[in-house]
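The residues making up each chain are set out below.
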Amino acid sequence: MTLTLETLEKLIGFNSVSARSNLDIIAFIEDFLQTRGFRLTRIPDASGQKAGLFAEIGPSEGGALLSGHTDVVPTEGQNWTKDPFRLSREEDRVYGRGTTDMKGYLAAMLTVADAAASRDLKEPLKLVFSYDEEIGCVGIQHMLPALKPLLGAPRMCLVGEPTEMQVAVGHKGKAAIRARCFGQNGHSALAPMFVNALHLATDFVAELRHIQAEYAQNGRQDAAYSIPYTTLHVGKLSGGMALNIVPDSAEVVFEYRHLAADDPEDIMDRIARAAEAVARKYRPDFPQAHIVLDRYNAYPGLDVSQDARIAGIAQRLAENQSITKVAFGTEAGFFSNLGIETVVCGPGSMAGQGHKPDEYITLDQLDACDRMLMRTLDEISQ
């Protein structure tokens, strides 16, 4: 595990918070892999300030795909007692932003890459390093057009988000939506004569709560999740310029996280009908009242049968018979939708350590991940 810890120390040293460029950490990974004979393709974003990376070694057919993201969540507003961008160790724990989510797995990926360079591979080892996962799996979506022809048809994919080395076969899909509500300006002394856009917005929020209650009471259920049904959540409500002006616009920012059994287009249809019903109430006094919905980001869920071949393979490689589903989203659904058998399995606990101050990972979790990936390498070696 020496190389994993040495590499993790370097990875933690890069401040790759999603709001910043990740080019320095990508350059480090490129150099590490290039010296070991990997074929590399950098996939830049439109701004030129971010990039993903695809790396491959060995023959071109089949093989194993390992995937992780390079970005981390911010540390501002958190009470850290350690430097978040310098790896530190206390007993069986190493601390730093991203140790669990998910630079510990990235370090293990590079350790197995180092080993692969001296192996006689019968199938390729393929690696994907993405960006902007923490803001809604944005980077992988931008990478996909260039990535698809590079991936080929690996026979398995392990996405290394923290699952405490349990094999995760599912997570919910998500969509982020902006609702812009339009009313009518006027002086607040005459407020009843106008249509307050905030009234449309709050009525719409009430409708979203009714939809949520319907999913909770009568919707499909999956007991593998801590919240076993599709959820809707309002995160932001804004509008108005001054107290004495009736606002003519307001905005509601919300999301839904859906079970695989619930079609996201059906959810959007329900939301659209609710928006129209709210606006219709105000149209007798103001025909222009309306609500515009903008689904500005979405990612797919993951739903793999516990009896699927990939689940059994991952259990054997991880030497862990636990099967779980996770509450958080990952990039796994994108690979699964390409026809690649995919599960999520990685070191650390999202609930216990991810996104928290003094984030850490235990050495035994890193060791278990190293051993899983080395067994994966054995699978594709002569």
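The coordinates are above.
My aim in this report is to walk through the structure given alongside it, one point at a time. Because the structure is a prediction, the values reported are computed rather than measured. (Residues numbered from 1 in each chain as written. Predicted model: local features only at pLDDT ≥ 70, side-chain atom pairs only at ≥ 80, totals over all residues. Heavy atoms only, no water.)

Observations regarding the overall build of the chain
Part 1: What the chain contains, in helices and strands, is nine helices and 18 strands.
Part 2: Relative to the 2.2 N^0.38 estimate, which gives 21 Å for 382 residues, the radius of gyration of the chain is 23 Å and therefore close to what a compact globule would have.
Part 3: With the principal axes as the frame, the chain shows a C-alpha extent of 80 × 45 × 40 Å.
Part 4: In the chain, buried positions account for 55% of the 382 residues.
Part 5: Accessible surface for the chain amounts to roughly 16300 Å². Of this, 49% is attributable to carbon and sulfur atoms.
Part 6: Taking the 37 positively charged and 50 negatively charged side chains of the chain as two groups, their mean positions are separated by 1 Å. (Helix = DSSP H or I, 4+ residues; strand = E, 2+ residues; numbered from the N terminus. Rg over C-alpha atoms; globule rule 2.2 N^0.38 Å. Buried < 20%, exposed > 50% of the residue type's maximum accessible area, 1.4 Å probe, protein only. Areas by Shrake-Rupley, 256 points an atom, 1.4 Å probe, with all protein chains shown as cover. Lys, Arg positive; Asp, Glu negative; His and termini not counted. Charge placed at Lys NZ, Arg CZ, Asp CG, Glu CD.)

So, the pairing of strand β3 (residues 64–69)
Part 1: Counting buried residues in β3 gives six out of six residues, a clear majority hidden from the surface.
Part 2: A two-sided burial pattern is seen for β3, the buried positions comprising A64, L66 and G68 on one face and L65, S67 and H69 on the other.
Part 3: Bridge count for β3 against strand β6 (residues 125–130) is six bridges, and the pairing is parallel. Bridge assignment links H69 to a residue of β6, and that residue is S130.
Part 4: For β3 and strand β7 (residues 156–159), the ladder comprises four bridges, and the chain directions are parallel. Residue pairing in the sheet places A64 in a bridge with M156 of β7. (Pairing = 2+ DSSP bridges.)

What to know about the sheet that holds strand β11 (residues 231–239)
Part 1: Spatial strand order, β11-β13-β9-β14: four strands in an open sheet with antiparallel pairing. Strand pairing shows two members of the sheet lacking a second neighbour, β11 and β14 (290–299), which therefore form its edges. The average undirected angle you get between the axes of adjacent strands in this sheet is 20°.
Part 2: Docked against the sheet, helix α5 (residues 197–218) engages β9 (173–182), β11, β13 (249–258) and β14, running at close to 170° with respect to β11. (Axes fitted to C-alpha atoms, helices over the stretch in contact; angles between N-to-C directions. Contact = heavy atoms within 4.5 Å.)

Overview of the pattern of salt bridges
Part 1: Inspection of every chain in the model, using the stated rule, returns 25 salt bridges.
Part 2: In this structure, K325 and D303 form a salt bridge, with 3.6 Å as the shortest nitrogen-oxygen distance. With K325 in strand β16 (residues 323–325) and D303 in strand β15 (residues 302–303), this pair connects stretches of sequence that are 22 residues apart.
Part 3: A salt bridge links D367 to R371, with the shortest nitrogen-to-oxygen separation between them at 3.0 Å. (Salt bridge = Lys/Arg side-chain N within 4 Å of Asp/Glu carboxyl O.)

Some details on helix α7 (residues 309–318)
Spacing of three or four residues puts side chains on the same side of an α-helix, whose turn is 3.6 residues.
Part 1: Across the 10 residues of α7, seven count as buried, placing the element largely inside the fold.
Part 2: Of the residues making up α7, those classed as buried are I310, A311, I313, A314, Q315, L317 and A318.
Part 3: Check the buried side of α7 and you find it contacts β7, β8 (167–171), β16, β17 (342–344) and α9 (363–379).
Part 4: Just downstream of α7 lies E319, where phi reads positive at about 50°.

Digging into α5
Part 1: Between its first and last C-alpha, α5 extends 31 Å over 22 residues, near the 32 Å set by a 1.5 Å rise per residue.
Part 2: Buried within α5 we find A197, L200, A201, F204, V205, L208, I211, Q212 and Y215. The buried residues of α5 occupy one face: seen down the axis, they fall within an arc of 140°. In α5, the exposed positions that point more than 90 degrees away from the buried face belong to R209, H210, Q217 and N218.
Part 3: Structurally, α5 contributes buried residues whose contacts are with β9, β11, β13, α6 (264–282) and β14. (Expected span 1.5 Å × (residues − 1). Arc of directions from axis to C-beta.)

Observations regarding the layout of surface pockets
Part 1: Of the volumes computed, that of the largest pocket is approximately 280 Å³.
Part 2: Counted by class, the lining of the largest pocket contains six nonpolar, five polar and six charged residues. (1 Å grid on protein atoms, 1.4 Å probe; cavity = no way out; pocket = protein on both sides within 12 Å on 5 of 7 lines; lining within 4 Å. Points joined across faces, edges and corners; volume = space filled by probe spheres on them. Nonpolar A, V, L, I, M, F, W, Y, C, P; charged D, E, K, R; others polar.)

Examining the packing of aromatic side chains
Part 1: All chains considered together, the criterion is met by four aromatic pairs.
Part 2: A ring pair is formed by Y95 and Y360, whose centres lie 5.5 Å apart and whose planes are at 50°; its orientation type is tilted. Here the residue Y95 occupies a position in strand β5 (residues 93–95), and Y360 occupies one in strand β18 (residues 360–362), the gap between them amounting to 265 residues.
Part 3: The exposure class of Y95 is buried, given its relative accessible area of 7%. (Phe/Tyr/Trp six-rings, centres within 6.5 Å; stacked < 30°, edge-to-face > 60°.)

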